[in-house]
Structure formats: structure tokens, C-alpha cells
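Listed below are the residues making up each chain.
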Amino acid sequence: MEHGSFTNDSFASFTLAEEDHTLANAVRFMLNQDPRVTFAGYSIPHPSLECVNVRVQTTGDPAREVLKDACQELMLMNRHVRSVFDKAVSEFKVEQARLAAEEEKNKKAEEEELKKQRDLLASMDIESD
């Protein structure tokens, strides 16, 4: 819901229903990165209410458009973070599989070497007096 002025659309307050500090702080951060923004902040009216009030003041551009742009930039940033995370997880899984295969190979080689040594000891004819 938007609360603003009918005569000046460069400042407005927006109510985001069913949201909390997580989204509000990220939106505030993105708004403050925009050179068109002179003020961006948020408040939570009461801890038991699931809504956030976001206040935006701009240098003249419509506050609604600036908020929309900030939300779109935030979505792009989140997509980038997700793709980097997914790539790192995939690389980690591949590396773990490679290490497990290498460990299994080393274990088999050690078992074969131990078997050879046992066979060699068993084949030696040691006479006792």
C-alpha cells in the first residue's frame, strides 16, 4: 500500500504486508545505493504486526518508480548470489566425490600391498630348530 502526496510524488511511504527486517533492510540498502534517493528508511509499527513501513524521498523522480527499481536490482543481486552459491556447491560436491574415489583407490592399493606381504611371509619356509 502506498501513502504519498497527491501534489508531489517524489516522496512516499509504502506498507509491505507480511514482511519483516529481512526484506526491509535489503530494500533500504538498495534504495540508499541509488543516487536519486535523498532518504530511505523503514520502520516496523509493532513487533506483533507483520508489516513494514518503507519511506522513500527522491531528488524529483517518482518514489514508486525508484522503489520498483530498487526491488528489481535486489532481485538481480539475489539471482547472482544464488548462482554463485549453486556453482560453489556443485564444485564442492565434485571435489568431495573425487576425494572419496581417490581415498577408496588408495585403500584398495594398501589392502593389496598388505595381502602381497602376507602371502610372501606365508610362502617363506621358516624352519624352526
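An unreviewed UniProt entry lists the protein chain under the name DNA-directed RNA polymerase RBP11-like dimerisation domain-containing protein, with Brassica oleracea var. oleracea as the source organism. Comment text from UniProt for the protein chain, heading Subcellular location (unreviewed entry), reads "Nucleus".

*Asks:* Which parts of the structure should I look at to understand helix H2 (residues 63-123)?
*Replies:* The end-to-end C-alpha distance of H2 is 89 Å, a good match for the 90 Å that 61 residues give at a rise of 1.5 Å each. Turning to H2, its buried residues number three or more, namely Ala63, Val66, Leu67, Ala70 and Leu74. Tucked inside the fold, the buried residues of H2 contact strand E2 (11-17), helix H1 (21-33), strand E3 (37-43) and strand E4 (51-58).

*Asks:* For this particular structure, what's the right way to read H1?
*Replies:* Given 3.6 residues to a turn, an α-helix orients residues that are three or four positions apart in the same direction. The end-to-end C-alpha distance of H1, which contains 13 residues, comes to 18 Å, matching closely the 18 Å that a straight helix rising 1.5 Å per residue would cover. Considered for burial, the residues of H1 that qualify are Ala24, Val27, Met30 and Leu31. Viewed end-on, H1 has its buried residues packed into an arc of 130 degrees, placing them on one side of the element. Along H1, the residues that are exposed and aim more than 90 degrees away from the buried face are Thr22 and Gln33. Turning to H1, the residues buried within the fold contact E3, E4 and H2. The N-capping residue of H1, defined by a side-chain oxygen 3.0 Å from the backbone nitrogen of threonine 22, is aspartate 20.

*Asks:* Mind showing me how you'd approach the nonpolar core here?
*Replies:* By size, the foremost hydrophobic cluster in this structure holds 16 residues, and its most contacted members are Phe14, Leu31 and Val56. Of all the secondary-structure elements, those providing two or more residues to this core are E2, H1, E3, E4 and H2. Of all the elements, H2 adds the most residues to this core, at five residues. With sequence-adjacent residues up to four places away left out, phenylalanine 14 is seen in contact with Met1, Glu2, Val52, Asn53, Val54, Val56, Ala63, Arg64 and Leu67.

*Asks:* Looking at this structure, how should I read the side chain of serine 13?
*Replies:* With respect to the helices, strands and loops of the structure, serine 13 is situated in strand E2. Setting aside residues no more than four positions away along its own chain, serine 13 makes contact with Met1, Glu2, His3, Val54 and Arg55.

*Asks:* What am I meant to see in the UniProt feature "domain: DNA-directed RNA polymerase RBP11-like dimerisation" (unreviewed entry) in the protein chain here?
*Replies:* In the numbering used here, UniProt assigns the feature "domain: DNA-directed RNA polymerase RBP11-like dimerisation" (unreviewed entry) to residues 12-82. The annotated region residues 12-82 carries 46% helix and 30% strand content, and the separation between its end C-alpha atoms amounts to 31 Å.

*Asks:* What am I meant to see in the environment of valine 94 here?
*Replies:* Along the polypeptide, valine 94 turns up in helix H2. As a C-alpha pair, valine 94 and arginine 28 span 66 residues in sequence and 38 Å in three-dimensional space.

*Asks:* Got a minute to help me understand the pattern of salt bridges in this structure?
*Replies:* Note on pairing: side chains with opposite charge can pair once their charged atoms come close. What the rule picks out here adds up to eight salt bridges. Its salt-bridge partner being aspartate 34, residue arginine 36 comes within 2.7 Å of it at the nearest N-O pair. In this structure arginine 36 comes out as partly exposed when scored by relative accessible area, which is 24%. Residue classification places aspartate 34 among the buried residues on the basis of a relative accessible area of 15%. Linked through salt bridges whose partners overlap, the residues forming this network are Asp34, Arg36, Asp61 and Asp69.

Reading guide: rules and limits
Residues numbered from 1 in each chain as written. Predicted model: local features only at pLDDT ≥ 70, side-chain atom pairs only at ≥ 80, totals over all residues. Heavy atoms only, no water. UniProt positions renumbered as here; feature names shortened; annotations may be inferred. Helix = DSSP H or I, 4+ residues; strand = E, 2+ residues; numbered from the N terminus. Expected span 1.5 Å × (residues − 1). Buried < 20%, exposed > 50% of the residue type's maximum accessible area, 1.4 Å probe, protein only. Contact = heavy atoms within 4.5 Å. Arc of directions from axis to C-beta. Polar contact = N/O pair within 3.5 Å; in protein donor to acceptor, adjacent residues only side chain to side chain. Core = buried A, V, L, I, M, F, W, Y, C linked by side-chain atoms within 4.5 Å. Salt bridge = Lys/Arg side-chain N within 4 Å of Asp/Glu carboxyl O.

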